[in-house]
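Spelled out, the chains give:
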Amino acid sequence: MEVTSLYREPPREQERATAAVEFLDVFRIYRSGPAETVALRGLDLRIEAGEFVAVLGPSGSGKSTFLSLAAGLEQPSAGEVRVFGQPLDRLDEAGLAAFRARRIAIIFQSENLLPLLTARENVATAVRLGHRPNARSLATTALGTVDLAPRVTHRPAQLSGGEQQRVAVAAALARDASLVLADEPTGELDLQNERRILDELRRLRDELGSTVVTVTHSPRLASTADRVIEIRDGRAA
Ligand SMILES: Nc1ncnc2c1ncn2[C@@H]1O[C@H](COP(=O)(O)OP(=O)(O)O)[C@@H](O)[C@H]1O
Ligand SMILES: [Mg+2]
């Protein structure tokens, strides 16, 4: 499958010269009829390449909206979002999809996995979308890394919530994603599984050089991070 776009993937050394994620005075306003919700109101932040950042903040403060904009899944109402120096609003739909598929791994609470595919097919599909070869064997290895070797042929409905999150982490590992965006990845996990996810996120940063940005309520996860960014009422606190 050939994706047509002007986007070219730079080498990772070049990536390091620019910030991984920059938000410049970003607003996101949700409108439904006359009602308006300002989810982000002038969010400014900069995350360096290779950083492991925890994002904290009260419920409703705009954390998930921030991740969604960083992933290019939605557009700001005002302001600019840049990922590895690329202003996302300069990419068309195809360019954005290619950018995401090649560089960004998303570990969100919902919409992580394709329900009809097995764990291995889910991971392999993510690898193929990023145009990397050996998708199936990479998927098998990554699932083994997160201790899901006995579950490779299970579909999401046959996996627990924690196991599904680990499949998403395996996909991030297998894809060697430059930027990993995680929304409360340890939210519903017991201590042992939380540790496992933490170890894998750290591995992504330490061994693969990925930039990891994770929203969390977990003090343990936050204390593991290089830096904590707090979002309050749609702004960096
Ligand atoms: N699609 C949407 N439509 C309308 N309002 C939304 C939508 N997504 C989020 N919001 C609102 O934006 C605010 C921030 O939401 P969110 O980013 O999910 O916060 P958090 O992840 O910090 O809990 C909340 O008031 C939420 O209700
Ligand atoms: Mg949220």
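Here, the structure is the one placed above.
The text that follows walks through the structure, step by step, so that each part is easy to find. (Residues numbered from 1 in each chain as written. Chains lettered and ligands numbered in written order. Predicted model: local features only at pLDDT ≥ 70, side-chain atom pairs only at ≥ 80, totals over all residues.)

### Here's the deal with the overall build of the protein
Counting its secondary structure elements, the protein contains eight helices and ten strands. Here the C-alpha radius of gyration of the protein, 17 Å, is about what a compact globule of 237 residues would show, namely 18 Å. Counting only C-alpha atoms and orienting by the principal axes, one finds that the protein spans roughly 50 × 40 × 40 Å. Residue burial in the protein is summarised as follows: out of 237 residues, 43% are buried. Considering only contacts in the protein between residues 6 or more positions apart, those separated by 24 or more positions represent 72%. (Helix = DSSP H or I, 4+ residues; strand = E, 2+ residues; numbered from the N terminus. Rg over C-alpha atoms; globule rule 2.2 N^0.38 Å. Buried ≥ 20, exposed ≤ 12 C-beta atoms within 10 Å, placed from the backbone. Contact = placed C-beta atoms within 7 Å.)

### Brief notes about the site of ligand 1
The environment of ligand 1 is made up of Tyr30, Thr37, Ala39, Gly57, Ser59, Gly60, Ser61, Gly62, Lys63, Ser64 and Thr65. Counting residues per element, the ones that place at least two in the shell around ligand 1 are β2 (35–48) and α2 (63–70). Of all the elements, α2 adds the most residues to the shell around ligand 1, at three residues. (Near = placed C-beta within 6 Å.)

### Here we look at the sheet that holds strand β10 (residues 235–236)
Taken in spatial order, the six strands line up as β6-β7-β8-β3-β9-β10 in an open sheet, and their pairing is mixed. Of all strands in the sheet, those with a lone pairing partner are β6 (104–107) and β10, marking the two edges. Bridging between strand β7 (residues 179–183) and strand β8 (residues 211–215) involves five bridges; their strand directions are parallel. By the bridge assignment for β8, Ala182 is matched with Thr214. (Pairing = 2+ DSSP bridges.)

### Comments concerning the pairing of β2
Here strand β1 (residues 19–32) pairs with β2 via eleven bridges, running antiparallel. Paired with Glu22 across the bridge in β2 is Arg46. In sequence, β1 turns back onto β2 through a hairpin of two residues, with Gly33 there showing a positive phi of about 60°.

### Details of the packing of helix α4 (residues 119–129) against helix α6 (residues 161–175)
To characterise two packed helices, one gives the angle between the axes of the helices and the distance between these axes. The interhelical angle for the contact between α4 and α6, taken along N-to-C directions, is 35°, at an axis separation of 9 Å. As for how α4 packs across α6, the hand of that crossing is right-handed. Residues Ala119, Asn122, Val123, Ala126 and Val127 of α4 form the contact with α6, whose own contacting residues are Val167, Ala170, Ala171, Ala174 and Arg175. (Axes fitted to C-alpha atoms, helices over the stretch in contact; angles between N-to-C directions. Left-handed = near helix turned anticlockwise from the far one by under 90°.)

### Thoughts on helix α3 (residues 93–103)
Among the residues of α3, Leu96, Ala98, Phe99, Arg100 and Arg103 are the ones counted as buried. Those residues of α3 that are buried lie in contact with β5 (86–87), β6 and β7.

### Brief notes about the sheet that holds β1
Read across the open sheet, the four strands follow the order β2-β1-β4-β5; overall the sheet is antiparallel. Taken across any chain shown, the strands that pair with only one partner, and hence form the sheet edges, are β2 and β5.

### Some details on helix α7 (residues 191–208)
Note that an α-helix has 3.6 residues per turn; residues three or four places apart therefore point the same way. The end-to-end C-alpha distance of α7, which contains 18 residues, comes to 25 Å, matching closely the 26 Å that a straight helix rising 1.5 Å per residue would cover. Taken residue by residue, α7 has Ile197, Leu198, Glu200, Leu201 and Leu204 as its buried positions. Buried residues belonging to α7 abut α5 (135–145), α6, β7, β8 and α8 (219–224). Just downstream of α7, Gly209 is the residue with a positive phi angle, here 75°. (Expected span 1.5 Å × (residues − 1).)

Any functional reading would require information beyond the geometric quantities listed.
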